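Here's the letter readout for the chains.
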Amino acid sequence: MHIHFLDPYQPLKSPVHSLDARIKFILTVAFILTASLAPSAAWPVYILLLAAILAVEILSGLGMIYVLKRALLALPFVLAALPVIFTIKGQALFNLAIGPWLLTASSEGLARFVSVAFKSWLSVQAAIVLAASTRFPELLQAMRAVGIPRLLVGMFGLTWRYLFVLVDEALRLLRARTARSGQSRQAGNKPGGSLAWRAHMAGGMAGNLFLRAFERSDRIYVAMLSRGYDGEVRTLPIPAFSGSNWLTLGTGLFFLAILLIFGSLLWG
Amino acid sequence: MHHSIEIEHLSFSYPDGHPALQDINLKIAPCEKVALVGPNGAGKSTLLLHLNGILKGNGQVTVCGLSMEQKNLGKIRAEVGLVFQNPDDQLFSPTVFDDVAFGPLYQGLDPEDVSSRVKKALIAVNMQEFGQRVSHHLSTGEKKRIAIATVLSVEPEVLVLDEPTAGLDPRARRSFINLLRDLPLTMLVSTHDMLLVKELFDRTVIMDEGRIVADGDTLDLMADEALLKAHGLEKP
């Protein structure tokens, strides 16, 4: 029983997939920065960014439906921005009485909230396209290439490697529990136990899983030490960046910079 | 009188399309002890997971007279004690007592019943002193015994073991074999330990590539060196 559904990578053949991971990584980070730095309520900039990311989604062969479905994950986090509707002063829209407090929504606040929601939705889409079109090892290499500390990249790599092991382990535990969850032969006994007892068992399982992960990390560290690990993560040299790669990267960054500058000038 | 295990034309493919079991037919009588041998990837563990409905393939599986249906799963899981290969999977509770008590507690038995079941199960595996120990700190041999106790406490009719002697030292293995010999239950045991098979089981089933390729008297099969060799097994 192995878990693959966690891996977002979709093995397809497309111009986006075959693009150098370094370009994709830098452009994705730049895209997210552009989206977050664009001024509030700069709607034309958002629309252009949306057009760009939708074009990449179609070009990558992943399809808009796939990416948009996954992007729903960002929805709950948008709620954190909800209070800005009431905290920003401006033209009053409506009042909301909660107990002794009277909250006044402003149209500026609403615009800010919609902006934040739209920007995070755009950013999540970019991240999804990156993860779905790039193999994780290539992504790690790209992170190293742009100068993210090797130790940090090494930790990302180990997390990724053992995430699947841990999920497998959790599934085996659950399977063992299912196998022993039977019904009594004597009539009148209700199977399942009390809620408190089930919670107690689930807590025990979580604790067990933690202890095992902890011990496993110790064993992995010992295995690394015995193969010569000294705290320094070493890797093969990263291949050279070709001229056409520079061109693609430059074009992408130029486009994003233009959007950001116009956005700041016109709506900032 | 029903059979303990009756499997007719069972086939199963994993979600990726890889066929793991193909047209399995197997009948095991009450209190019969059967060994299941075959190379890695032959489908032994997959077959065992069908015996209490964790996996569901195409075909008819009947356990202790109960057909494998959603409404019977609770009863079937009480009749079939499935012990997994890795005892760490089996032992998920804070203490040994909690683990052995899980099955009876889940069934909703009285506290006194639960305690007496746990005591009996621990005595059966010769581990009565271990109730309050933390399973995490036991040796592999001790964990294996406790894993058996966790299903004995449910008082099953059938005991299904996956690789019970893997990783045991000779003394732990010997005491484990004695334990299995003395348990008056129907047993289906998947193993690579051919000496164990020869010593404990009158009947052996050989699986390879998802099929049962031989089913018969252990001594007869052990004498057929060509058959053993063809399926990656060694004569003990």
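Note that this is a predicted model, so its numbers are computed, not measured.

Notes on the interface of chain A and chain B
Listed per partner, the contact involves 26 residues of chain A and 26 residues of chain B. Secondary structure elements with two or more residues in the side of chain A that touches chain B: helix H9 (150-179) and helix H10 (195-226) of chain A. Partitioned by chemical class, the residues of the side of chain A that touches chain B number eight nonpolar, 11 polar and seven charged.

A short note on the confidence of the model for chain B
All names here are of chain B. Chain-level statistics for chain B give a pLDDT mean of 90 and a share of 100% at 70 or above. In the model of chain B, helix H3 (residues 87-90) stands out as the element of lowest mean pLDDT, 83, in contrast to strand E9 (residues 203-208), which has the highest, 96. Prediction confidence for the complex, expressed as pTM and ipTM, is 0.71 and 0.72 respectively.

A short note on the domain arrangement of chain A
Residue and element names in this part refer to chain A. You can read the domains of chain A as domain 1 (15-146 + 239-267) and domain 2 (149-179 + 205-235). Centre-to-centre separation of domain 1 and domain 2, based on C-alpha positions: 32 Å. Contacts between domain 1 and domain 2 engage four residues on the former and six residues on the latter. Taken together, the residues of the side of domain 1 that touches domain 2 sort by class into three nonpolar, no polar and one charged.

Regarding the sheet that holds strand E3 (residues 33-37) of chain B
Residues and elements named next belong to chain B. Strands sit in the order E6-E7-E8-E3-E9-E10 across an open sheet of six strands; the sheet is mixed. The open sheet has two edge strands with one neighbour each: strand E6 (80-83) and strand E10 (211-217). Looking at each pair of strands side by side, their axes are set apart by 15° on average, direction ignored. Pairing of E3 with strand E8 (residues 186-190), which is carried by four bridges, proceeds in the parallel orientation. By the bridge assignment, Ala-35 is partnered in E8 with Val-189.

Some thoughts on the sheet that holds strand E2 (residues 19-28) of chain B
Residues and elements named next belong to chain B. Strand order in this open sheet of four strands is E2-E1-E4-E5, and the pairing throughout is antiparallel. Bordering the open sheet on either side are E2 and strand E5 (66-67), each of which pairs with just one other strand. With five bridges connecting them, strand E1 (residues 5-13) and strand E4 (residues 58-63) associate as antiparallel partners. By the bridge assignment for E4, Glu-6 is matched with Thr-62.

A closer look at the packing of helix H2 (residues 21-37) of chain A against helix H7 (residues 107-133) of chain A
All names here are of chain A. Where H2 meets H7, the closest approach of the two axes is 9 Å, and the angle between their N-to-C directions is 175°. Our classification of the angle between H2 and H7 gives roughly antiparallel. Each of Lys-24, Phe-25, Thr-28, Phe-31, Ile-32, Ala-35 and Ser-36 in H2 lies in contact with H7, whose residues at this interface are Lys-119, Leu-122, Ser-123, Ala-126, Ala-127, Leu-130 and Ser-133. Among the residues forming the contact of H2 with H7, the class breakdown is eight nonpolar, four polar and two charged.

Thresholds, definitions, all that
- Residues numbered from 1 in each chain as written.
- Chains lettered and ligands numbered in written order.
- Predicted model: local features only at pLDDT ≥ 70, side-chain atom pairs only at ≥ 80, totals over all residues.
- Contact = placed C-beta atoms within 7 Å.
- Helix = DSSP H or I, 4+ residues; strand = E, 2+ residues; numbered from the N terminus.
- Nonpolar A, V, L, I, M, F, W, Y, C, P; charged D, E, K, R; others polar.
- pLDDT = per-residue confidence, 0-100.
- Domains from an automatic or database assignment.
- Pairing = 2+ DSSP bridges.
- Axes fitted to C-alpha atoms, helices over the stretch in contact; angles between N-to-C directions.
- Parallel < 35°, antiparallel > 145°, perpendicular 65-115°, else oblique.

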